[in-house]
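Inside the fold
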Amino acid sequence: MVVLGIESTAHTASVGVVAENAEVLGLASDMYRPPAGGIHPREAANHHVELFPALVERALSSAKVSPREIEAVAFAQGPGLGPCLRTGATVARTLSLLWNRPLVPVNHCVAHIEIARVLSGLDDPVLLYASGGNTQVIAHGSGRYRVLGETLDVGIGNFLDKLWISLGGQFPGGPAIERAALEGVDLLPLPYSVHGMDVAFSGMLTASQVLHSRGASRENLAYSVEVTAYSMLTEITERALAHRKKEAVVLGGGVACNERLRTMVRAMAESRGHTSFAPPKSLCVDNGAMIAWTGLLAWRAGVRIPVAESGVLPRQRTDLVDTPWRSG
Ligand code: AMP
Ligand code: MG
């Protein structure tokens, strides 16, 4: 069984070709990088429109798979930026009609979990999903993935990007902050905003900008922001593990590429006698392979959607999606 998956929820246009056991046969991605400032949804969508035909060809040719061998076409239906989602959905509908193959809708957040779950071999982990637009702690229960905690304002990645741009840097801020943080020495006081199972970052953004205007270096700010924000995420992840009696954590999302976050979550998990796993970076960031894999699971469980009903769902929540391929 071979499935092609289309990802286009935000700045990344990506096509993956995946077989049984999440064997990634082909993966072609391209990320929209705004010339200045943050991401503009329509410009990102234009980028995707231009890139998708070549990405489909590259994914198929690197997979050494012909369209005839593709058994279903999966696409990220939501959540994400409307214009970006629509370009990916249009490509998926076109391929589905052209190749006469079923169209399978996939929730982007669920796809981050499923790829991490299969790669780790962990059956029932808690997911810390830390990306540009999303920050959630998720676990499975009663037929769906449940959001146990999340950001009350911006996603952690958007916060890092916004902060770095306001300090004179360029998008994407997360990796640049990671490098700058290695040079930081002083831990500056920043708001630690944990509210039960939820977190918030906008207070830390303002406080960092105020400290910078008073002379704090970018390096010390980067270091302090990483330690503070990643501690907040580690804390709510630990609470989720304890409360739901789960024994493993997986990481997903672009911010999960961060070595400090990986190390902190691993230390927390190991101190409880649990396991932690982060996928390789190419499968942590947004990618078509995770959509194809989740599409394969869903399709095998009978999920498919008629083209006429395949509108995108920019605000689709993780806990609104049934997971018939999972027990429990
Ligand atoms: P995603 O939305 O999952 O594609 O992830 C994109 C986000 O990940 C952007 O906000 C990036 O700044 C952030 N990001 C990527 N690499 C890193 C890193 N090494 N450390 C922190 N954030 C990162
Ligand atoms: Mg993502």
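Residues numbered from 1 in each chain as written. Chains lettered and ligands numbered in written order. Predicted model: local features only at pLDDT ≥ 70, side-chain atom pairs only at ≥ 80, totals over all residues. Heavy atoms only, no water.

A word on the coordination of the magnesium ion (ligand 2)
Defined as follows: Coordination shells were defined by N, O and S atoms within 2.8 Å of each metal, extended to 3.2 Å for Na, K and Ca; water is absent from the atom set, which can make sites look incomplete. Helix and strand assignments follow DSSP, with helices taken as H or I runs no shorter than four residues and strands as E runs no shorter than two, numbered in order from the N terminus. Here's how the labels work: a residue is buried when its accessible area is under 20% of the maximum for its type, exposed when over 50%, partly exposed in between, all with a 1.4 Å probe on protein chains only.
Surrounding the magnesium ion (ligand 2) are the protein donor atoms H108 (NE2), H112 (NE2), Y129 (OH) and D286 (OD), which sit 2.0 to 2.5 Å from the metal. One chain supplies every donor for the magnesium ion (ligand 2), spaced along it as H-x3-H-x16-Y-x156-D. Of this pair, H112 sits in helix α3 (residues 108-120) while D286 sits in the loop between α9 (281-284) and α10 (288-300), and the two are 174 residues apart along the sequence. Take H112 and D286: they sit in the same class, and that class is buried.

Examining the domain arrangement of the protein chain
This is how the line gets drawn: What counts as a domain boundary in this text is fixed by an automatic or database domain assignment. The criterion used for residue contact is that any of the two residues' heavy atoms lie within 4.5 Å. Accessible area that two parts lose when put together, evaluated with a 1.4 Å probe and summed over both, is termed the buried area. Salt bridge criterion: a side-chain nitrogen from Lys or Arg within 4 Å of a carboxyl oxygen from Asp or Glu. We define a polar contact as two N or O atoms separated by no more than 3.5 Å, with the added condition that, inside protein, one atom must be a possible hydrogen donor and the other a possible acceptor, whereas residues neighbouring each other in sequence contribute only through side-chain atom pairs. Throughout this entry, Asp, Glu, Lys and Arg are counted as charged residues, while Ala, Val, Leu, Ile, Met, Phe, Trp, Tyr, Cys and Pro are counted as nonpolar. The remaining residues, Gly among them, count as polar.
What the domain assignment reports for the protein chain is domain 1 (2-112 + 283-327) and domain 2 (120-282). A straight line from the C-alpha centre of domain 1 to that of domain 2 covers 25 Å. Domain 1 puts 27 residues into the contact, and the matching count from domain 2 is 29 residues. Buried area between domain 1 and domain 2, summed over both chains or domains, comes out near 2200 Å², and the portion from carbon and sulfur atoms is 55%. Taken together, domain 1 and domain 2 are joined by 3 salt bridges. Where domain 1 touches domain 2, the interface holds 17 residue pairs in polar contact (both at pLDDT 80 or more). Residue assignment for the side of domain 1 that touches domain 2 shows that the elements contributing at least two residues are β3 (23-31), α3 and α9. The leading source of residues in the side of domain 1 that touches domain 2 is α3, at 4 residues. In terms of residue class, the side of domain 1 that touches domain 2 is built from 13 nonpolar, 9 polar and 5 charged.

What about the site of ligand 1?
For clarity, the cut-off: Near is defined per residue: the residue qualifies when any heavy atom it owns lies within 4 Å of the molecule or strand. A 1.4 Å probe and the Shrake-Rupley method give the accessible areas. Residues count as covered only by the protein chains that appear here.
Every one of the 18 residues lining ligand 1 counts as a neighbour, but G132, D161, G174, E178 and G254 are closest to it. D161 places a polar side-chain atom, nitrogen or oxygen, 2.7 Å from an oxygen atom of ligand 1. Protein burial of ligand 1: of its 510 Å² of free accessible surface, 92% is covered by the chains. Residue assignment for the shell around ligand 1 shows that the elements contributing at least two residues are α4 (156-166) and α5 (173-181). Residue contributions to the shell around ligand 1 peak at 4 residues, all from α5. Tallied by class, residues from the shell around ligand 1 come to 6 nonpolar, 9 polar and 3 charged.

Points about the layout of surface pockets
Gaps left between atoms are located by rolling a probe of water-molecule size over the structure's atoms. To be explicit about the condition: Lining residues are those with an atom within 4 Å of a point, where the points come from a 1 Å grid over the protein atoms alone and group into cavities, where a 1.4 Å probe fits but cannot get out, or pockets, open sets with protein on both sides within 12 Å along at least five of seven lines. Grid points are joined across faces, edges and corners, and a volume is the space filled by probe spheres set on the points.
Size it by volume and the second largest pocket reaches roughly 180 Å³. Mapped onto the lining of the second largest pocket, the elements with two or more residues apiece are α1 (41-63) and α2 (82-99). No other element matches the 6 residues that α1 contributes to the lining of the second largest pocket. When grouped by side-chain class, the residues that make up the lining of the second largest pocket number 6 nonpolar, 4 polar and 1 charged.

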